[in-house]
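Per-entry structural report
Letter by letter, the chains look like this.
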There are 2 protein chains.
Amino acid sequence: MIFDSTDKKLLAYLQQDSKQTNKELSNKLELSVTAVYERIKKLEKAGFIDGYIAIVNKEKIDRNFVVFCHIKLVKHSQDFVISFEKEVNKISEVLECYHVSGEYDYLLKVIVKDMAAFRTFMVERLTTINHIGSTQSMFVINEVKHDTAITL
Amino acid sequence: MIFDSTDKKLLAYLQQDSKQTNKELSNKLELSVTAVYERIKKLEKAGFIDGYIAIVNKEKIDRNFVVFCHIKLVKHSQDFVISFEKEVNKISEVLECYHVSGEYDYLLKVIVKDMAAFRTFMVERLTTINHIGSTQSMFVINEVKHDTAITL
DNA sequence: GTTGAAATCTTAACTCT
DNA sequence: AGAGTTAAGATTTCAAC
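Computed from a predicted model, the values in this text were never measured in an experiment. (Residues numbered from 1 in each chain as written. Chains lettered and ligands numbered in written order. Predicted model: local features only at pLDDT ≥ 70, side-chain atom pairs only at ≥ 80, totals over all residues. Heavy atoms only, no water.)

This next bit is on the overall build of chain A. Summing up its helical and strand segments, chain A has five helices and five strands in all. For chain A, the sequential pattern of α-helices and β-strands runs α-α-α-β-β-α-β-β-α-β. Taken over C-alpha atoms, the radius of gyration comes to 20 Å for chain A, far larger than the 15 Å a tight globule of 152 residues would show. When its C-alpha atoms are laid out on the principal axes, chain A stretches across 60 × 35 × 25 Å. A buried classification covers 44% of the 152 residues belonging to chain A. Counting only contacts in chain A whose residues sit at least 6 apart along the sequence, the fraction spanning at least 24 positions is 63%. Within the structure as shown, chain A displays about 7700 Å² of accessible surface, and the carbon and sulfur contribution to it stands at 48%. (Helix = DSSP H or I, 4+ residues; strand = E, 2+ residues; numbered from the N terminus. Rg over C-alpha atoms; globule rule 2.2 N^0.38 Å. Buried < 20%, exposed > 50% of the residue type's maximum accessible area, 1.4 Å probe, protein only. Contact = heavy atoms within 4.5 Å. Areas by Shrake-Rupley, 256 points an atom, 1.4 Å probe, with all protein chains shown as cover.)

Below, the structure written as structure tokens:
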């Protein structure tokens, strides 16, 4: 499939604001509405676009306490890894989980209401998972940057 | 403002797929199309929704190498902090930057093409920022979980 | 919150490079 | 093959109830 500079610009615009109409995009890209429409359909079908979502304001919904948790497993056998990853997927407070290189095995992004909710999360949800060796939490003091768009 | 369980469900749906029509949402919520429309407008105006975006597939656009970087500043005076945060905001490879508690001062999420691109990023972009004391990189081996929707 | 109707947008067949 | 024109159908938006 062809993926030219117009497609790149289009993806950049859609990453910024997916509610723009094809008419608005056609002006910005200097194309007809149909050309924009077909390029978007092409990008969707080719798998360039995974979906369209609304970004909700964390403060407004009382989920403004963000913590990154490092996790070390007691052992690294395949069954331990699979079991841990399955369990972590069930925890709604864990928005992201990465298997990473370095001293710790996993890096988790946890979003809760406040410190009290984090305590509950740690005691009742996270540390009840088997195979966890140790954890280390980093509290987010300030979100300096949070882009949702990847520069193309 | 009132924020009831229907609004919660609505936000949950929009976080999952913002391209659903008001008609589809009206069926799921058992409301009229206009009621859905007005609730969405209300949520937008009240600041519950920060925006609507397209999620781009990282593999497809050749940006599938994700690294978390810990950063320690040489000093923590306000001018050093402000200067660092300003510089980091300019770097497009840094999608996220958090001021965190713990041993390191900052946690960065970096997205590049591959290890070679990461090397270039480190040498030419990141470590040219003043005031950086030390860095420690964690390479993402596997993305175990990456939810974009916060459970309400 | 609902109904209904106008404005706007999406979508697809057709046409022209 | 890719882009433009047109027109039908769907959706958004906004009255009035």
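The two copies are related by a screw motion: chain B maps onto chain A through a turn of 180° and a shift of 0.0 Å along the axis, at an RMSD of 0.1 Å. Overall, the copies show the geometry of a two-fold rotation axis. Across chain B, the rotation axis passes nearest the C-alpha of I53(B), at a separation of 2.8 Å. Here 100% of the contact residues of chain B are again contact residues in chain A; the copies associate through an equivalent surface. (Least-squares fit on C-alpha atoms with pLDDT ≥ 70 in both.)

Moving on to the sheet that holds strand β2 (residues 65-73) of chain B. Paired through their backbone hydrogen bonds, the strands of a sheet run either parallel or antiparallel. Strand order around the closed barrel formed by eight strands is β2(A)-β4(A)-β3(A)-β5(B)-β2(B)-β4(B)-β3(B)-β5(A), with antiparallel pairing between neighbours. On average, adjacent strands in this sheet sit at an angle of 35° to one another, irrespective of strand direction. For strand β3 (residues 94-100) of chain A and strand β4 (residues 106-112) of chain A, the ladder comprises five bridges, and the chain directions are antiparallel. In the strand pairing of β4(A), H99(A) is matched with Y106(A). Packing of helix α4 (residues 78-90) of chain B onto the sheet brings it into contact with β5 (132-146) of chain A together with β2, β3 (94-100), β4 (106-112) and β5 (132-146) of chain B, and relative to β5(A) it is tilted by some 85°. Packing of helix α5 (residues 115-126) of chain B onto the sheet brings it into contact with β2, β3, β4 and β5 of chain B, and relative to β5(B) it is tilted by some 150°. (Pairing = 2+ DSSP bridges. Axes fitted to C-alpha atoms, helices over the stretch in contact; angles between N-to-C directions.)

With that settled, the discussion passes to the protein's contact with DNA strand D. For DNA strand D, the set of nearby residues contains 13 residues, the closest of which are I2(A), S32(A), R39(A), T34(B) and Y37(B). Separating a phosphate oxygen of DNA strand D from a side-chain N or O atom of R39(A) is a distance of 2.6 Å. At 2.9 Å from a base nitrogen of DNA strand D is found a side-chain nitrogen or oxygen belonging to T34(B). Elements with a minimum of two residues in the surface near DNA strand D: α3 (33-45) of chain A together with α2 (22-29) and α3 (33-45) of chain B. It is α3(B) that contributes the most residues to the surface near DNA strand D, four residues altogether. Of the residues in the surface near DNA strand D, the class split is five nonpolar, five polar and three charged. (Near = heavy atom within 4 Å. Polar contact = N/O pair within 3.5 Å; in protein donor to acceptor, adjacent residues only side chain to side chain. Nonpolar A, V, L, I, M, F, W, Y, C, P; charged D, E, K, R; others polar.)

We now examine the interface of chain B and chain A. Listed per partner, the contact involves 58 residues of chain B and 58 residues of chain A. Here chain B packs against chain A, burying approximately 5800 Å² in sum over the two surfaces, 59% of which is carbon and sulfur. Here chain B is connected to chain A by two salt bridges. Residue K109(B) pairs with E96(A) through a salt bridge whose shortest N-O separation is 3.9 Å. At the junction of chain B with chain A, the criterion picks out 40 residue pairs in polar contact (both at pLDDT 80 or more). (Buried area = accessible area lost by both parts, 1.4 Å probe. Salt bridge = Lys/Arg side-chain N within 4 Å of Asp/Glu carboxyl O.)

Residues and elements named next belong to chain A. Inspection of helix α5 (residues 115-126) places F118, F121, M122 and L126 among the buried residues, and these make up the whole buried set. Around the axis of α5, the buried residues are gathered within 95° of arc, so they sit on the same side. In α5, the exposed positions that point more than 90 degrees away from the buried face belong to R119 and E124. Here the buried face of α5 lies against β2 (65-73), β3, β4 and β5. (Arc of directions from axis to C-beta.)

Before going further, it helps to spend a moment on the nonpolar core. Ranked by size, the top nonpolar core spans 48 residues in total, and within it L10(A), F68(A), L107(A), L10(B), F68(B) and L107(B) carry the most contacts. Other than its neighbours up to four places away in sequence, L10(A) contacts L25(A), L29(A), V36(A), R39(A), I40(A) and L43(A). (Core = buried A, V, L, I, M, F, W, Y, C linked by side-chain atoms within 4.5 Å.)

It is worth spelling out the packing of helix α1 (residues 5-16) of chain B against α3(B) at this point. Residue and element names in this part refer to chain B. Taken N-terminus to C-terminus, the directions of α1 and α3 make an angle of 85°; their axes are 11 Å apart at the nearest point. Considering their axes alone, α1 and α3 lie roughly perpendicular with respect to each other. Along the contact surface, α1 presents T6, D7, L10, L11 and L14, while α3 presents V36, R39, I40, K42 and L43. Taken together, the residues of the contact of α1 with α3 sort by class into six nonpolar, one polar and three charged. (Parallel < 35°, antiparallel > 145°, perpendicular 65-115°, else oblique.)

In this sheet, β5(B) lies alongside β3(A) in antiparallel orientation, the contact comprising five bridges. From the neighbouring strand, V100(A) faces β5(B), where its bridge partner is V140(B). Bridge count between β2(B) and β5(B): seven bridges; the pairing is antiparallel. Within β5(B), the position partnered with K72(B) by the bridge is S134(B).

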